[in-house]
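# Observations on chain architecture
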Amino acid sequence: MPQAPPDLIAIHSLPDEVLCDIFREVKIRYGTGPMWCRVLWVCRRWSTVGRSVALLWRDIVIIGMPNNSFISASLEYSKNTHLNIHMLRAVHFSQTLSLISAHISRIRGLIITNTADTECGSLAAFLDNGFPSLELFREKFKHPRYPLRIWRPDAPGYPHLQSLTLAGQFSIEVAPTAVFPALQTLILGPNENPSFTFPSLMQFLSRHLHIKNLILDQYKLALESESFTTLTFPPTTPHFALSYYADYTKSIL
C-alpha cells in the first residue's frame, strides 16, 4: 500500500518515540517547570505517552514558591530514575522537602541557589540525611540577613559524591578522619565563616588524594598555623585555582 508523503502524515499517527523526541524539545525550550507539560494536554494519548517516559520527569527545578502538585507528579512519573533537584530562590519549601525526603536515595544532583534556610532549619535537617546516590552538591547563597548554617555530613552516607561546591550559607564540618571516597572536585566560594583553615584544608586533601580539581573562589582561608608555608598540595591535585586579593594570595603561595 502506498504511503503518504511525510508532510501529509497526520500528527495523531506519530510513533511514540517521535512524540518523546518532541516532548524533550519542548522541555528544552520551556524549561523544566510546569509550562512544558501543557503539550501533554493535546490529547489522552499524548498525556499517556508523556507520563510514561521517566527521563522527562527526573529534573525538578523549584523556583520561588514551590508547585507541590507538579513536584509530586514529577516524583511519581520519574519512577526509579535518578533525580536532579535545583532549588532557585525557593521560599516556604519545608513541605516540599518532606515530599522529596521519601526519594532521597534517588537524588543524584542537588543544587541550592539563592535559597535561604529560614524555616527553622528545614533545609539543614534535610541535608542531615544520607544521600547514597548523590554525585553533585552545589550551594551558593549569600545574604547578611540570614544566618550561616553548619553542615555536618556523615561521609559514609555520601559514597558517590564527586563534586562539592560550598559558596554561601553553609559551612562544612567533617570528622578529622572522614573521607568522601569518590570526591574529585572541591569548590569553595565566598563565605563569612570559612569551613577550613589552611592546615585543616591540607589535612582534608591528604585524605582525598583522588581530588582532581580544587578551586578557591574568593575563599579566605584562616592562616592559623605559623608553619603553613611548609605545607604543600598533594601532587595528585592537578588543577588548582585561587582567586582573591593579590596580597592575600601571595601570603599563602
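Structure: above.
Nothing here was measured: the structure is a model prediction, and the numbers come from that model.

## Concerning helix 3 (residues 68–77)
Three or more residues of helix 3 are buried, namely Phe70, Ile71, Ala73, Ser74, Leu75 and Tyr77. Packed against the buried residues of helix 3 are helix 2 (44–52), strand 1 (59–63), strand 2 (83–88) and helix 4 (94–101).

## Some thoughts on the pairing of strand 3 (residues 107–113)
Buried residues dominate strand 3, accounting for six of its seven residues. Here strand 2 pairs with strand 3 via six bridges, running parallel. Along strand 3, the bridge assignment pairs leucine 83 with isoleucine 107. Crossover connection from strand 2 via helix 4 to parallel strand 3: handedness right-handed.

## What to know about the sheet that holds strand 1
The sheet built from eight strands is open, its strands ordered 1-2-3-4-6-8-9-10 with parallel pairing. Lying at the two open borders of the sheet, with one neighbouring strand each, are strand 1 and strand 10 (239–243). Strand-to-strand twist across the sheet, computed as the mean angle between neighbouring axes with direction ignored, equals 5°. Sheet topology places strand 6 (residues 163–166) next to strand 8 (residues 185–188); four bridges connect them, and they run parallel. In the strand pairing of strand 8, leucine 166 is matched with leucine 188.

## Notes on the side chain of serine 171
One can find serine 171 in strand 7 (residues 170–172). If we skip the residues at most four places from it in the chain, serine 171 touches Arg149, Ile150, Trp151, Asn191, Asn193, Pro194 and Ser195.

## Concerning the packing of aromatic side chains
Counted by the stated rule, this structure contains eleven aromatic pairs. Each ring, one from phenylalanine 23 and one from tryptophan 46, has its centre 5.8 Å from the other, and the planes form 65°; the classification is edge-to-face. Of this pair, phenylalanine 23 sits in helix 1 (residues 16–30) while tryptophan 46 sits in helix 2, placing them 23 residues apart in sequence. As far as the burial class goes, phenylalanine 23 and tryptophan 46 line up, both buried. A connected cluster of aromatic rings, assembled from ring pairs, spans Phe126, Phe131, Phe137, Trp151, Tyr158, Phe180, Phe196 and Phe204.

## A few points about the packing of helix 3 against helix 4
It is the contact of helix 3 with helix 4, at a shortest axis distance of 10 Å, that shows an interaxial angle of 10°. Looking at the two axes, helix 3 sits roughly parallel to helix 4. Residues Asn68, Ile71, Ser72 and Leu75 of helix 3 form the contact with helix 4, whose own contacting residues are Gln95, Thr96, Leu99 and Ile100. Of the residues in the contact of helix 3 with helix 4, the class split is four nonpolar, four polar and no charged.

## Quick word on the pattern of salt bridges
Overall, the coordinates contain three salt bridges when judged by the stated rule. The partner of arginine 45 in a salt bridge is aspartate 16, and the shortest N-O contact between them spans 2.8 Å. Of this pair, arginine 45 sits in helix 2 while aspartate 16 sits in helix 1; the two residues are 29 residues apart in sequence, bridging distant segments of the chain. Under the relative-accessibility criterion, arginine 45 is labelled partly exposed at 30%.

## Description of helix 4
Every buried residue belonging to helix 4 is among Thr96, Leu97 and Ile100, and all of these are buried. Taken end-on, helix 4 shows its buried residues confined to a sector of 100°, consistent with a single buried face. In the core, the buried residues of helix 4 are packed alongside strand 1, helix 3, strand 2, strand 3 and helix 5 (122–127).

## Concerning the packing of helix 1 against helix 2
One way to put it is that helix 1 packs onto helix 2 with a least axis distance of 10 Å and a crossing angle of 75°. One element, helix 1, and the other, helix 2, form an angle in the roughly perpendicular class. Listed contacts from helix 2 to Asp16, Leu19, Cys20 and Phe23 of helix 1 are Arg45, Trp46, Val49 and Gly50. Class assignment of the residues belonging to the contact of helix 1 with helix 2 gives a composition of five nonpolar, one polar and two charged.

About the thresholds
Residues numbered from 1 in each chain as written. Predicted model: local features only at pLDDT ≥ 70, side-chain atom pairs only at ≥ 80, totals over all residues. Heavy atoms only, no water. Buried < 20%, exposed > 50% of the residue type's maximum accessible area, 1.4 Å probe, protein only. Helix = DSSP H or I, 4+ residues; strand = E, 2+ residues; numbered from the N terminus. Contact = heavy atoms within 4.5 Å. Pairing = 2+ DSSP bridges. Right-handed = clockwise from strand over helix to strand, strands pointing away. Axes fitted to C-alpha atoms, helices over the stretch in contact; angles between N-to-C directions. Phe/Tyr/Trp six-rings, centres within 6.5 Å; stacked < 30°, edge-to-face > 60°. Parallel < 35°, antiparallel > 145°, perpendicular 65-115°, else oblique. Nonpolar A, V, L, I, M, F, W, Y, C, P; charged D, E, K, R; others polar. Salt bridge = Lys/Arg side-chain N within 4 Å of Asp/Glu carboxyl O. Arc of directions from axis to C-beta.

Any functional reading would require information that these geometric values do not contain.
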